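The primary structure of each chain is shown beneath.
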Amino acid sequence: GAVVSQHPSRVICKSGTSVKIECRSLDFQATTMFWYRQFPKKSLMLMATSNEGSKATYEQGVEKDKFLINHASLTLSTLTVTSAHPEDSSFYICSAILTSSYNEQFFGPGTRLTVL
Amino acid sequence: QQQVKQSPQSLIVQKGGISIINCAYENTAFDYFPWYQQFPGKGPALLIAIRPDVSEKKEGRFTISFNKSAKQFSLHIMDSQPGDSATYFCAADGTGGGNKLTFGTGTQLKVEL
């Protein structure tokens, strides 16, 4: 159990376009999901906390108008990178909290975004 | 302080040896300490976790040792195998979990034949 999926796994887009990444909890409901960004050989950097039915909470330095988060249901959160630029190229990872298991976080497989 | 300091940055161990990765924290409000394993191009996977009410937790070849007074915890991988080659992250969370994880900087482990 406690499987989190992400779609797409890889995406290449042109500069200036918007890209949507989906994060789904497949076998459990998650009122809270997190979005992380990871650069090569670096640790995970928390971008925002996504709460079902309410606005996301962004970490300091993360542009909320740039990285739009929607958590419309208990199993789905989406991250939209708007007007993407090459510096937005990164590995984006989501996680979901399993409240029935001491609030452990389970991570998705990640999405590799490349902006040309 | 929200930092979690992790060492070493990289580690090479011979097959069958013991891999040891250390982490230290400063925030005494942390009460949940998970370790994650990450393979290239994949998301982190929860390996093992400990809470401060115990000093050691063992699951198969993986053991967490926790020293509350020193605010340190470590991961020991016994009988290390080439398949264990991955990046390992320690993390810490406060107020019983469910809050934001603070990650260590990661350790790249390579297990050689």
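Residue numbering note: each chain is counted from 1, following its sequence as written. Key to labels: chains lettered from A, ligands numbered from 1, both in the order written. Owing to the predicted nature of the model, reporting of local features is limited to residues with pLDDT of at least 70; listing and counting of side-chain atom pairs is limited to 80 or more, with chain, interface and lining totals taken over all residues. Excluding hydrogens and water, the side-chain figures rest on all heavy atoms present in the structure.

Peer 1: Can you walk me through the overall build of chain A in this structure?
Peer 2: What counts as a helix is a DSSP run of H or I of at least four residues, what counts as a strand is a run of E of at least two, and both are numbered from the N terminus. Along chain A, the regular secondary structure elements total zero helices and 11 strands. For chain A, the sequential pattern of α-helices and β-strands runs β-β-β-β-β-β-β-β-β-β-β. Put simply, the radius of gyration uses C-alpha atoms, and a globule should come to 2.2 Å times the residue count raised to 0.38. At 13 Å, chain A has a C-alpha radius of gyration in line with the 13 Å of a compact globule built from 116 residues. Considering only C-alpha atoms, chain A reaches an extent of 40 × 25 × 20 Å along its principal axes. In this scheme, a residue with accessible area under 20% of its type's maximum is buried, one over 50% is exposed, and one in between is partly exposed, where area comes from a 1.4 Å probe on protein chains only. Within chain A, the fraction of its 116 residues that count as buried is 52%. Two residues qualify as a contact provided that any one of their heavy atoms is within 4.5 Å of a heavy atom in the partner residue. Summarising the internal contacts of chain A: among those between residues at least 6 apart in sequence, 54% fall at separations of at least 24.

Peer 1: Would you explain the side chain of Ser90(A) in this entry?
Peer 2: Residues and elements named next belong to chain A. Mapped onto the elements, Ser-90 comes out in strand S9 (residues 90–98). Definition of a polar contact: a pair of N or O atoms within 3.5 Å, with one able to donate and the other able to accept a hydrogen when the atoms are protein atoms, and with sequence-neighbouring residues admitted only if both atoms are side-chain atoms. Of note is the side chain of Ser-90, whose polar atom sits 3.4 Å from the side chain of Arg-37. Setting aside anything within four residues of it in sequence, one finds Ser-90 in contact with Arg-37, Gln-38, Phe-39, Thr-111, Arg-112 and Leu-113.

Peer 1: Would you mind going over the state of the cysteines with me for this structure?
Peer 2: As used in these notes, a disulfide is a covalent bond between sulfur atoms, one from each of two cysteines. By definition, disulfides here are pairs of cysteine sulfur atoms that lie within 2.5 Å. Applying the stated criterion across every chain, the model contains two disulfides over all chains. Through a disulfide, Cys23(B) is tied to Cys90(B); the S-S separation comes to 1.9 Å. Linking Cys23(B) and Cys90(B), the disulfide has an S-S dihedral of approximately -95 degrees and is accordingly described as left-handed. With Cys23(B) in strand S3 (residues 19–25) and Cys90(B) in strand S9 (residues 86–94), this pair connects stretches of sequence that are 67 residues apart. Accessibility classification places Cys23(B) together with Cys90(B) in one group, the buried group. Cysteine Cys13(A) shares no disulfide, and the gap to the nearest cysteine sulfur, in Cys94(A), comes to 18 Å.

Peer 1: It is not clear to me how the interface of chain B and chain A should be interpreted in this structure. Could you clarify?
Peer 2: Interface size is commonly expressed as the accessible surface area that is lost when the partners come together. Taken together, the contact pairs 20 residues of chain B with 20 residues of chain A. Carbon and sulfur atoms make up 55% of the area that chain B and chain A hide from each other, which totals about 1500 Å². By definition here, a salt bridge exists when the distance from a side-chain nitrogen of Lys or Arg to a carboxyl oxygen of Asp or Glu is within 4 Å. With its nearest N and O atoms 3.0 Å apart, the salt bridge here joins Glu59(A) to Lys100(B). On inspection of chain B and its partner chain A, the count reaches five residue pairs in polar contact (both at pLDDT 80 or more). Top contributing element to the side of chain B that touches chain A by residue count: strand S4 (residues 30–38) of chain B, with three residues. Across the side of chain B that touches chain A, the residue classes tally to seven nonpolar, 10 polar and three charged. By convention, the term buried area covers the 1.4 Å-probe accessible surface removed from two parts as they join, with the contributions of both added. Charged means Asp, Glu, Lys or Arg here, nonpolar means Ala, Val, Leu, Ile, Met, Phe, Trp, Tyr, Cys or Pro, and polar covers whatever is left, Gly included.

Peer 1: What exactly am I supposed to notice about the nonpolar core here?
Peer 2: When a protein is soluble and globular, its nonpolar side chains tend to lie buried together. What we call a nonpolar core is a set of buried Ala, Val, Leu, Ile, Met, Phe, Trp, Tyr and Cys residues that are connected through their side-chain atoms within 4.5 Å. With 27 residues, the main nonpolar core has Val4(A), Phe28(A), Trp35(A), Phe67(A), Leu79(A), Tyr92(A) and Leu113(A) as its most contacted residues. Of all the elements in the fold, those that place two or more residues in this core are strand S2 (10–13), strand S3 (19–25), strand S4 (32–38), strand S5 (44–51), strand S7 (67–73), strand S8 (76–81), S9 and strand S11 (111–115) of chain A. Beyond its immediate sequence surroundings of up to four residues, Val4(A) is in contact with Cys23(A), Arg24(A), Phe28(A), Cys94(A), Ala96(A), Phe106(A), Phe107(A), Gly108(A) and Pro109(A). Counting residues in each nonpolar core, the second largest holds 24 residues, with Leu11(B), Cys23(B), Trp35(B) and Leu75(B) among its members.

Peer 1: Can you walk me through the environment of Ile12(B) in this structure?
Peer 2: All names here are of chain B. Among the structural elements, Ile-12 can be located in strand S2 (residues 10–14). Judged by its relative accessible area of 57%, Ile-12 falls in the exposed class. Distance in space between the C-alpha atoms of Ile-12 and Glu-56 is 24 Å, their sequence separation being 44 residues. If near-sequence neighbours (up to four positions away) are discounted, Ile-12 is found in contact with Lys-110 and Glu-112.

Peer 1: So what exactly am I meant to see when it comes to the packing of aromatic side chains here?
Peer 2: The relation between two aromatic rings is expressed through the spacing of the ring centres and the mutual angle of the planes. Here a Phe, Tyr or Trp ring, Trp counted by its six-membered ring, pairs with any other such ring whose centre lies within 6.5 Å, and the pair is stacked when the planes are under 30 degrees apart, edge-to-face when over 60, and tilted otherwise. Following the criterion strictly, the structure yields 15 aromatic pairs over all chains and no others. Plain terms: the ring middles of Phe67(A) and Tyr92(A) are 6.3 Å apart, the flat faces sit at 45 degrees to each other, and that makes the pair tilted. In this pair, Phe67(A) sits in strand S7 while Tyr92(A) sits in strand S9, placing the two residues 25 residues apart along the sequence. For Phe67(A), a relative accessible area of 6% puts it in the buried group. Judged by centre distance (6.0 Å) and plane angle (70 degrees), the ring pair of Phe107(A) and Phe103(B) falls under edge-to-face. Remark: Phe103(B) occurs in strand S10 (residues 102–103) and Phe107(A) occurs in strand S10 (residues 104–107); the pair is interchain, linking two chains. Exposure class is identical for Phe107(A) and Phe103(B). Each is buried. Through a chain of ring-to-ring contacts, three or more aromatic side chains come together here, namely Phe34(A), Tyr36(A), Phe107(A), Tyr36(B), Phe89(B) and Phe103(B).

Fair warning: the whole summary comes from geometry, so function is off the table for now.
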